[in-house]
Amino acid sequence: EKDGHDWFMRKEIHEQPHAVADSLLGRRTPEGLLHLDEMRLTDQELRSIDKIIIIACGTSFYAGMVAKYAIEHWTRTPCEVELASEFRYRDPILTPSTLVVAISQSGETADTLQAIRHARTQHSRVLAICNTNGSTIPRESDAVIYTHAGPEIGVASTKGFLTQLVACYLLALYLAQVKGTLYGDEIGNVLDQLHEMPDHIQRVLDGEQQVYDLAKEHTGSRSVLFLGRHAGYPVALEGALKLKELAYLHAEGFAAGELKHGPIALIEQDLPVLCVVPPQGRDQLREKMISGIQEVRARGARTICLVEDGDEAIAPYADVLIRLPKVPVLLQPLVAVVPLQLFACELATLMGHDVDQPRNLAKSVTVE
Ligand code: F6R
């Protein structure tokens, strides 16, 4: 049942190329248009949307953070992302032209469910991104985009997260198509790039031994930091969450630009800092990231840098380089998070923890 893997989580990490491919399947019409079968909102309803609010918890919330970059960039529609547990309690501004997007792998998370119920009382439209057919959240939503990850057994979400990202990109492109904010061939180009992602993810998985060796060197670490910018920031947060959940280690993710506003005081000799470096071509972002890496290294940190293949500028400041396939910045989370999942899974295994059933956690959190 674990296909020769020691944990469901490790099996599910390795299923990601497949899960991403399945989540992309059948989304294009013969005319080359993007088509979402469970999108029950009409084009007219979608054109009237003037604000998007994404609500989710945990890893799904980080998928929502990535989605915000894609939605605002491609559709020019303002988009907020909020933790479901905070949403209802701040009297959010919701109108019939607000689209609330609930992201939930299980479809049963109580905080997220209560948040969409609240949105519906305000007559906002609700769209669910969900991996579980017929679960409560999609049943109570106006529209659904199902991810096709297959059942996720490991408590820590992995293929659930990657397929949520795919669904978010598809939603953003669909809105761009309906609203006319991208040309058909621009949408086609991104779809082509998405279809290349399963091979890219597979290449990252093929390099897993490097990450396992790295984990072996860190079984004695007491704390690990993660840095990212732009779409790499939620990846940093997700890398930290995985380590907390599985290895019970203190781990924190930061937006790299925030370092100098406080967190840099945490840096001490040999502290591992994993850095998600934006791809080349996004040079402003990348150069700022590089200077952040220089700063932490000058203070003794051990810098482990996830960088695009062929990017040599970081090499002088990196103790370890993990190479990522060349992909656009908005899609980079699909490849960048994979080494972080492998790292947490392996470190927890080496520390003797139960990776599939971490202490104190449940797969679906049905209490608020
Ligand atoms: C982390 C993890 C949790 C879930 C969160 C939301 O690995 O699994 O943080 O992401 O509980 O769950 P869903 O997506 O089922 O609503």
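Preceding this section is the structure that the text describes.
Reference entry: report on the structure contained in this document. Treat the numbers as computed from the prediction; the structure is a model and nothing was measured.

## Some thoughts on the sheet that holds strand S4 (residues 125-130)
One open sheet accounts for 5 strands, arranged S2-S1-S3-S4-S5; its pairing is parallel. The strands lining the two open edges of the sheet, one partner per strand, are strand S2 (79-83) and strand S5 (143-146). Neighbour-to-neighbour, the strand axes of the sheet open up by a mean angle of 20 degrees, direction not taken into account. Pairing geometry for strand S1 (residues 51-56) and strand S3 (residues 98-104), over 5 bridges, is parallel. The partner of Ile54 across the bridge, within S3, is Val101. Running at roughly 175 degrees to S2, helix H4 (residues 58-75) makes contact with S1, S2 and S3 of the sheet.

## Let's talk about the sheet that holds strand S7 (residues 250-255)
In spatial order, the strands read S7-S6-S8-S9-S10; together these 5 strands make up an open sheet with parallel pairing. Of all the strands in the sheet, the pair left with one neighbour each is S7 and strand S10 (320-324). Between one strand and the next, the sheet's axes are offset by a mean angle of 20 degrees, whatever the strand orientation. The pairing of strand S9 (residues 302-308) with S10 spans 5 bridges and is classified as parallel. Residue pairing for S10: Ile304 is matched across the bridge by Val320. Against the sheet, helix H10 (residues 208-217) contacts S9 and S10, and its axis sits at roughly 150 degrees relative to S10. Packing of helix H12 (residues 283-298) onto the sheet brings it into contact with strand S6 (223-228), strand S8 (272-276) and S9, and relative to S9 it is tilted by some 165 degrees.

## Some thoughts on unusual backbone geometry
The bulk of non-glycine residues show a negative phi, and the bulk of peptide bonds are trans. The residue Arg76 is not glycine, and still its phi comes out positive at about 55 degrees. With relative accessibility at 64%, the residue Arg76 sits in the exposed group. One non-glycine residue, Asn360, lies in positive phi territory at about 65 degrees. In this structure, Asn360 sits in the segment after helix H13 (333-350).

## Let's talk about the pattern of salt bridges
Overall, the coordinates contain 25 salt bridges when judged by the stated rule. Between Lys11 and Glu15 there is a salt bridge, with its nearest N and O atoms 3.2 Å apart. Here Glu45 ties to Arg125 by a salt bridge, and the two come within 3.3 Å at their closest N and O atoms. One end of the pair, Glu45, is in helix H3 (residues 43-47); the other, Arg125, is in strand S4, and 80 residues separate them in sequence. With a relative accessible area of 28%, Arg125 lands in the partly exposed category.

Analysis parameters
- Residues numbered from 1 in each chain as written.
- Predicted model: local features only at pLDDT ≥ 70, side-chain atom pairs only at ≥ 80, totals over all residues.
- Heavy atoms only, no water.
- Pairing = 2+ DSSP bridges.
- Helix = DSSP H or I, 4+ residues; strand = E, 2+ residues; numbered from the N terminus.
- Axes fitted to C-alpha atoms, helices over the stretch in contact; angles between N-to-C directions.
- Contact = heavy atoms within 4.5 Å.
- Buried < 20%, exposed > 50% of the residue type's maximum accessible area, 1.4 Å probe, protein only.
- Salt bridge = Lys/Arg side-chain N within 4 Å of Asp/Glu carboxyl O.

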